[in-house]
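# A closer look at the structure
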2 protein chains.
Amino acid sequence: MSLIQTVQDLNLWLDNNGRHGKTVGFVPTMGYLHEGHLSLIRKAKEDNDIVVVSIFVNPTQFAPGEDFKEYPRNLERDYELSCEAGADMVFHPEVSEVYPSGATTAVEVTGSLTKTLCGLSRPTHFKGVTTVVTILLNMVRPDQVYFGQKDAQQALIIKKMIRDLWMPVKMIICPIVREEDGLAMSSRNVYLNAEERKQALNLYKSLQEGEKLVEEGVIAASKIVQAVRMYLERAPLAVIDYVELLDANTLEAVAEVYDDVLLAIAVKFGKTRLIDNKILKSKEERTCF
Amino acid sequence: MSLIQTVQDLNLWLDNNGRHGKTVGFVPTMGYLHEGHLSLIRKAKEDNDIVVVSIFVNPTQFAPGEDFKEYPRNLERDYELSCEAGADMVFHPEVSEVYPSGATTAVEVTGSLTKTLCGLSRPTHFKGVTTVVTILLNMVRPDQVYFGQKDAQQALIIKKMIRDLWMPVKMIICPIVREEDGLAMSSRNVYLNAEERKQALNLYKSLQEGEKLVEEGVIAASKIVQAVRMYLERAPLAVIDYVELLDANTLEAVAEVYDDVLLAIAVKFGKTRLIDNKILKSKEERTCF
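Residues numbered from 1 in each chain as written. Chains lettered and ligands numbered in written order. Predicted model: local features only at pLDDT ≥ 70, side-chain atom pairs only at ≥ 80, totals over all residues. Heavy atoms only, no water.

## Remarks on the sheet that holds strand 3 (residues 50-55) of chain B
All names here are of chain B. For clarity, the cut-off: At least two bridges found by DSSP between two strands are what make those strands a pair. A helix here means a DSSP run of H or I that spans at least four residues, while a strand means a run of E at least two residues long, and both kinds are numbered starting from the N terminus. A fitted line through C-alpha atoms represents every axis, and for helices the fit uses only the stretch in contact; the resulting angles, taken between N-to-C directions, go from 0 to 180 degrees. In what follows, a contact means two residues having at least one pair of non-hydrogen atoms within 4.5 Å.
Ordered in space as 1-4-3-2-6-7, the six strands form an open sheet in which the pairing is parallel. Strand pairing shows two members of the sheet lacking a second neighbour, strand 1 (2-4) and strand 7 (170-174), which therefore form its edges. Averaged over all pairs of adjacent strands, the angle between their axes in this sheet comes to 25°, without regard to strand direction. Its contacts with the sheet place helix 8 (residues 152-164) against strand 6 (144-148) and strand 7, and it is angled at close to 170° to strand 7.

## Focus on the environment of arginine 141 of chain B
The criterion, for reference: Only protein chains enter the area calculation, which uses a 1.4 Å probe; residues under 20% of their type maximum are buried, those over 50% are exposed, and those in between are partly exposed. Here a polar contact is recorded for every N or O atom pair within 3.5 Å, except that within protein the pair must consist of a potential hydrogen donor and a potential acceptor, and residues adjacent in sequence are included only if both atoms are side-chain atoms.
Relative to the helices and strands, arginine 141 of chain B is located in the loop between helix 7 (125-140) and strand 6. A residue is classified by how much of its surface remains accessible, and arginine 141 of chain B, at 36% relative accessible area, is partly exposed. Each C-alpha atom of the pair arginine 141 of chain B and valine 169 of chain B lies 7.7 Å from the other, and the pair is 28 residues apart in sequence. When neighbours within four sequence positions are excluded, arginine 141 of chain B is seen to be in contact with Pro168 of chain A together with Asn11, Arg19 and Leu136 of chain B. There is a polar contact of 2.7 Å between the side chain of arginine 141 of chain B and the side chain of asparagine 11 of chain B.

## Considerations on the pattern of salt bridges
The following threshold applies: Should a side-chain nitrogen of Lys or Arg be within 4 Å of a carboxyl oxygen of Asp or Glu, the pair is scored as a salt bridge.
A full pass over the atoms with the stated rule returns 24 salt bridges over all chains. A salt bridge links aspartate 47 of chain A to lysine 43 of chain A, with the shortest nitrogen-to-oxygen separation between them at 3.0 Å. Of the two residues, aspartate 47 of chain A and lysine 43 of chain A are both situated in helix 2 (residues 35-47); the distance of four residues between them amounts to about one turn of the helix. Look at lysine 43 of chain A and you get partly exposed, because its relative accessible area is 21%. Residues glutamate 211 of chain B and lysine 278 of chain B are paired through a salt bridge, measuring 3.8 Å at the closest nitrogen-oxygen approach. Taken together, the positions of glutamate 211 of chain B in helix 9 (residues 194-215) and lysine 278 of chain B in strand 10 (residues 272-280) put the pair 67 residues apart, joining distant regions of the chain. As far as the burial class goes, glutamate 211 of chain B and lysine 278 of chain B line up, both buried.

## Some remarks on the interface of chain A and chain B
This is how the line gets drawn: Two parts placed together each lose some accessible area; with a 1.4 Å probe, that loss summed over both constitutes the buried area. Residue classes follow a fixed rule: Ala, Val, Leu, Ile, Met, Phe, Trp, Tyr, Cys and Pro count as nonpolar, while Asp, Glu, Lys and Arg count as charged, and any other residue, Gly among them, counts as polar.
Listed by partner, the interface residues are 27 residues for chain A and 27 residues for chain B. When the two sides are added together, the surface that chain A and chain B hide from each other amounts to roughly 2,300 Å², 56% of it contributed by carbon and sulfur. Together, Thr105, Leu165 and Trp166 of chain A form the three largest contributors to the area buried by chain A at its contact with chain B, with a combined 31%. Between the two partners, chain A and chain B, sit zero salt bridges. Our enumeration of links across chain A and chain B arrives at 18 residue pairs in polar contact (both at pLDDT 80 or more). Residues that form the side of chain A that touches chain B fall into these classes: 14 nonpolar, eight polar and five charged. Across five bridges, strand 5 (residues 105-109) of chain A lies against strand 5 (residues 105-109) of chain B in antiparallel orientation.

## Digging into the confidence of the model for chain A
The test is simple: Scored from 0 to 100, pLDDT records how confident the predictor is in each individual residue.
With 97% of its residues at a pLDDT of at least 70, chain A reaches an overall mean of 95. Both scores are given for the predicted complex: the pTM is 0.95, the ipTM 0.94.

## Re the side chain of lysine 150 of chain A
What counts, and what does not: A residue counts as positive if it is Lys or Arg and as negative if it is Asp or Glu; His and the chain ends are not included.
Among the secondary structure elements, lysine 150 of chain A is positioned in the loop between strand 6 (144-148) and helix 8 (152-164). Look at lysine 150 of chain A: it is buried, it has no salt bridge, and the nearest opposite charge is aspartate 151 of chain A at 4.3 Å.

## Some details on the sheet that holds strand 1 (residues 2-4) of chain A
All names here are of chain A. Read from one edge to the other, the open sheet built from six strands follows the order 1-4-3-2-6-7, with strand pairing classed as parallel. Each edge of the open sheet carries a strand with a single partner, namely strand 1 and strand 7 (170-174). Taking each pair of neighbouring strands and ignoring which way they run, the sheet shows an average axis angle of 25°. Bridge count between strand 3 (residues 50-55) and strand 4 (residues 89-91): three bridges; the pairing is parallel. Paired with valine 53 across the bridge in strand 4 is valine 90. Across the sheet, helix 8 touches strand 6 and strand 7, and the angle it forms with strand 7 is around 170°.

## Considering the pairing of strand 9 (residues 261-269) of chain B
All names here are of chain B. In terms of burial, strand 9 is largely enclosed, as eight of its nine residues are buried. Of the strand pairs in this sheet, strand 8 (residues 238-247) and strand 9 are connected by nine bridges, and their pairing is antiparallel. Within strand 9, the residue paired with valine 239 across the bridge is lysine 268. Two successive antiparallel strands, strand 9 and strand 10, enclose a turn made up of two residues, where glycine 270 displays a positive phi of approximately 60°.

Structural data, given as structure tokens:
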């Protein structure tokens, strides 16, 4: 497998490894890979001839004071894990390669999708995400690109960007991967101390609580949100950022549960901000869509 | 030659006409073609195996009150002229095809390039331009794309967008094509009545006046701008929007002439707004770059 740092080498590699006539699957990541990322790489390998994984901690999606500098990094381990999961190439560009000096072009999705949830507490975040994803897609030019449902809002925004701008790529969104006890996999989980890690389990449990209510026939969004909040508040270290029940496609607020609604939460433990979500629907389980 | 209206048919046509292994040149236009456009098509044909011309009057680059509705259109004539000039396919999508219902994604270049010249009197214009060019490039996926130096600011902004976002296309900027008497070709020239058409010649003549001063050794930007303004004011119907001398790459204001500076003007005759420009440099003539 290859480790590549420049766009020039990336193009050379793709040409030499037969970009034409083969399908390319692409998994963009910020590294510090966990089972969630690896599930994307494995799915990409199932679907495509060639799999490219990018590892790039994107500065433009962090606001001043956020954890850009502290964000965990381990290139050697990421390279090995990517390889084991089926990647054919790891692309690890410098910041100066992705954003050459003087770069001032941005791609932005506006409207309901970006105005809610993480868009409220991180107002510049998604503009950074859509810009870097555009750049990486232009560099790699894959047939299919893979994202996780864990970042539900990010996935919807990127899906909309791809559709609005007619980007020539198919997007695949894969299910959340969880630790054995239910905590959603996240590179930021390493920030948690033992007590926070224990209490963080309430994120998943609170989502299950919401789901249980729906299964019992509760449809009022306010009641479900209240129950989830109460469950989260059982964890003394948890500081709730949001608990929202929204239309799963538009992210507009809903008053009552219907197919499909998204129950989304963000909670801080000290400086560590964790997110999780669940699609609530009455009948079938949600799978890779 | 083919006339195509949907992205699905566009892809089918490109696949059937051997996208792979052939080079595709693309000339995006708003139609009502003149010799300026045709020079781009001919250059594209020289450089590429396949030439695609798009004809799309893009609503998002017109502000309310501008001439979107009145913008001249003549598809049949455009189709024939494109064909004669060497185009292999004319792509003429509906507005609803380019911007499906609910599209809210934009591509924007910020900074000095967009803040000056036409960016001042048309503050939403270039965001519309960069967004539609991104969409059209994603649809056609050409190897090379052709623009005219007539819209100097547009060309610089698109060049920057392509570079900043690592778009996989090479941009070619071709020289201004003029009527025999010197008036720069523009689809909007048809708006001019006989007297306005006569006085509009002062645009080109005023640029020549500026160039003459530089050749005579004048380097103070203020003096050159003043001389150009005075020449333009000889035309009683002319209402000057701007006369500016700027760095030809960054569009930042300059105090003195050096290689390369851009002398750019915009003038209104009644409701018709015309632009023209000249690169001032001491030694060589500017050609296709």
